[in-house]
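# Structural overview
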Amino acid sequence: MEQPVTPPASDNAAQPQQFSTPRPARSSARRRARLIAGAAGLLVGALALTACGGDAKANDDAKNGKGTDASAAKDASTLKITISAKDGSTNASINDVNVKAEGGKLSDVTMTEVQGGKAVPGTLAADGLSWKPTGKVERGTQYKITANGKDDKGRAATENAQFTTVSAKDSFIGTYTPDNGATVGVGMPVSFNFNKAITNKKDVLSHITVTSSSGQPVVGHWFNSQRLDFRPEQYWKAGSKVTMKIDLDKVEGAKGVYGVQKKEVTFTIGRNQVSTVDVKTQEMTVQQDGKTVKTIPVSTGSAAHPTYNGQMVISEKFTQTRMNGDSVGFGGEYDIKDVPHAMRLSTSGTFIHGNYWGDPSVFGNEGTSHGCVGMRDVKGAAGDTTAKWMFDHSLIGDVVIVKGSPDKTISPDNGLNGWNLSWAQWTADSSS
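### Re the sheet that holds strand β12 (residues 208-212)
The strand order β10-β18-β15-β12 describes an open sheet built from four strands, whose pairing is mixed. Sheet topology places β10 (183-184) and β12 at the edges, where each strand pairs with a single neighbour. Where β12 and strand β15 (residues 241-247) come together, five bridges link them in antiparallel fashion. Note on β15: the bridge partner recorded for Val-210 is Met-244.

Structure (structure tokens):
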């Protein structure tokens with residue numbers, strides 16, 4: 001099954017141009033859809049959707065909820081978890097952060113700063129119906145919340161959200177990924193999402209430098225007035241160290257709006273892992289340092305909802321998360337509150353994830369999802385499954401390439417997927 005959608009990522013263009021993140025649409029309008037799931041992981045910026053999606057050319061069965069994904073809803077938890085701050089928002093309140101439960105009870109809630117991982121203490125109500133932070137919520141800071149609970153039949157539900165709190169009106173900040181000290185895959189760009197529109201792009205760009213111990217030249221690319229990514233021409237060299245210097249303090253990003261950040265960040269590139277999904281054979285080949293280490297039967301998007309082609313980068317990982325078709329134009333076809341081993345590939349909702357509801361025969365043989373790449377798994381994210389193996393052996397920043405789909409190539413700003421721009425296109429606005 002596919003899920004909706006990670007900053008901070010791809011359609012090729014004949015001329016250099018800017019791209020805006022596609023919005024989920026009704027299948028009847030033949031537009032892409034992805035599930036909205038709570039997202040609490042890496043990826044800076046507006047990772048608003050968590051669902052699967054390719055081109056939404058729905059047939060009658062899909063519109064009536066008769067697809068494979070629909071079967072997962074039969075035993076879904078009745079617990080509804082609501083996080084006050086909308087996933088992907090950039091001006092969230094610092095005074096009214098909370099989590100509420102309906103149709104069940106919360107079991108645990110965690111709130112942390114995305115950059116640095118500092119935990120925010122909180123209190124779970126005695127009746128299990130609400131949670132709120134007791135620690136200070138800072139202005140202009142990116143947070144993530146993960147909330148878990150069960151309904152009265154013991155069925156689990158999870159909700160995730162990542163958001164940035166409001167900052168002073170005369171200043172701007174950029175939330176970014178990856179964070180200091182992280183180890184990431186070879187496809188991981190440096191991705192900034194600014195909470196205010198930047199008009200003085202040249203000045204802002206000149207005050208952020210990214211260098212690699214490998215000696216690879218690194219260039220910045222503006223996708224729009226709030227999104228700036230950096231990458232080399234080819235994937236990062238395995239084992240290299242990347243350093244980002246942010247010197248935006250007092251830099252005027254727009255008229256009367258000044259930066260307040262000055263920081264140095266270093267992260268490490270891990271082993272080279274690139275996985276290739278062949279839609280025609282329904283098989284994924286996982287390679288590390290150029291050698292095949294695993295082949296995994298998969299089920300990609302159906303004919304009505306094909307999976308995007310192109311180079312995609314894992315931007316978030318969830319042991320379990322919710323995928324809700326209603327939020328992205330698929331009506332009530334599915335609302336799966338415990339999708340296991342889910343890894344985001346696009347902001348609009350494409351995931352590679354475990355699937356416990358599909359018939360085992362579809363994996364390696366048939367595309368049945370709403371655009372995601374599914375692997376055989378078990379309920380509860382337990383057991384020795386191929387989906388768990390893939391999850392455990394994947395890093396944020398690993399590359400997943402999809403080929404052979406009838407769908408188009410993913411837009412480069414839809415997730416961390418700027419690799420789908422040629423180097424000439426990428427560098428065209430590098431002096432802006």
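From this point, the discussion proceeds with the structure in view.
### Thoughts on the confidence of the model for the protein
Per-residue confidence for the protein gives a mean pLDDT of 85, with 80% of residues at or over 70. Note that residues 1-48 has pLDDT below 50 and, in this model, 296 contacts with residues that lie over four places away or in other chains. Taken together, the stretch residues 55-66 has pLDDT below 50 and engages in 31 contacts with residues farther than four places along the chain or on a different chain.

### Details of the pairing of strand β14 (residues 227-232)
The buried fraction of β14 amounts to six of the six residues, a majority that puts the element mostly inside the structure. Here β14 shows a buried face lined by Arg-227, Asp-229 and Arg-231 and a second buried face lined by Leu-228, Phe-230 and Pro-232. By the bridge criterion, four bridges tie strand β11 (residues 190-194) to β14 in an arrangement that is antiparallel. Bridging across to β14, Ser-191 finds its partner in Asp-229. Where strand β13 (residues 218-224) lies against β14, six bridges are found, and the strand directions are antiparallel. In the strand pairing of β14, Gly-220 is matched with Phe-230.

### Describing the nonpolar core
Generally speaking, nonpolar side chains in soluble globular proteins are found buried as a group. If you look at the biggest cluster of nonpolar residues, it comprises 56 residues, and the most contacted ones within it are Phe-192 and Phe-194. When residues of this core are assigned to their parent elements, the largest contribution, four residues, is made by helix α3 (residues 386-392). Ignoring anything within four residues of it in the chain, the contact list for Phe-192 reads Gly-174, Thr-175, Tyr-176, Ile-208, Gln-226, Arg-227, Leu-228, Asp-229, Phe-230, Met-244 and Ile-246. Counting 20 residues, the second-largest nonpolar core is a separate cluster that includes Leu-79, Ile-81, Val-99 and Ala-101.

### Re the environment of Asn-365
When you line up the elements, Asn-365 lands in the loop between β25 (351-355) and β26 (373-376). Along the sequence, Asn-365 and Val-279 sit 86 residues apart, while their C-alpha atoms lie 9.6 Å from each other. If we skip the residues at most four places from it in the chain, Asn-365 touches Gln-282 and Val-298. Polar side-chain contacts of Asn-365 include one of 2.8 Å to the backbone oxygen of Ser-361.

What counts and how
Residues numbered from 1 in each chain as written. Predicted model: local features only at pLDDT ≥ 70, side-chain atom pairs only at ≥ 80, totals over all residues. Heavy atoms only, no water. Pairing = 2+ DSSP bridges. Helix = DSSP H or I, 4+ residues; strand = E, 2+ residues; numbered from the N terminus. pLDDT = per-residue confidence, 0-100. Contact = heavy atoms within 4.5 Å. Buried < 20%, exposed > 50% of the residue type's maximum accessible area, 1.4 Å probe, protein only. Core = buried A, V, L, I, M, F, W, Y, C linked by side-chain atoms within 4.5 Å. Polar contact = N/O pair within 3.5 Å; in protein donor to acceptor, adjacent residues only side chain to side chain.

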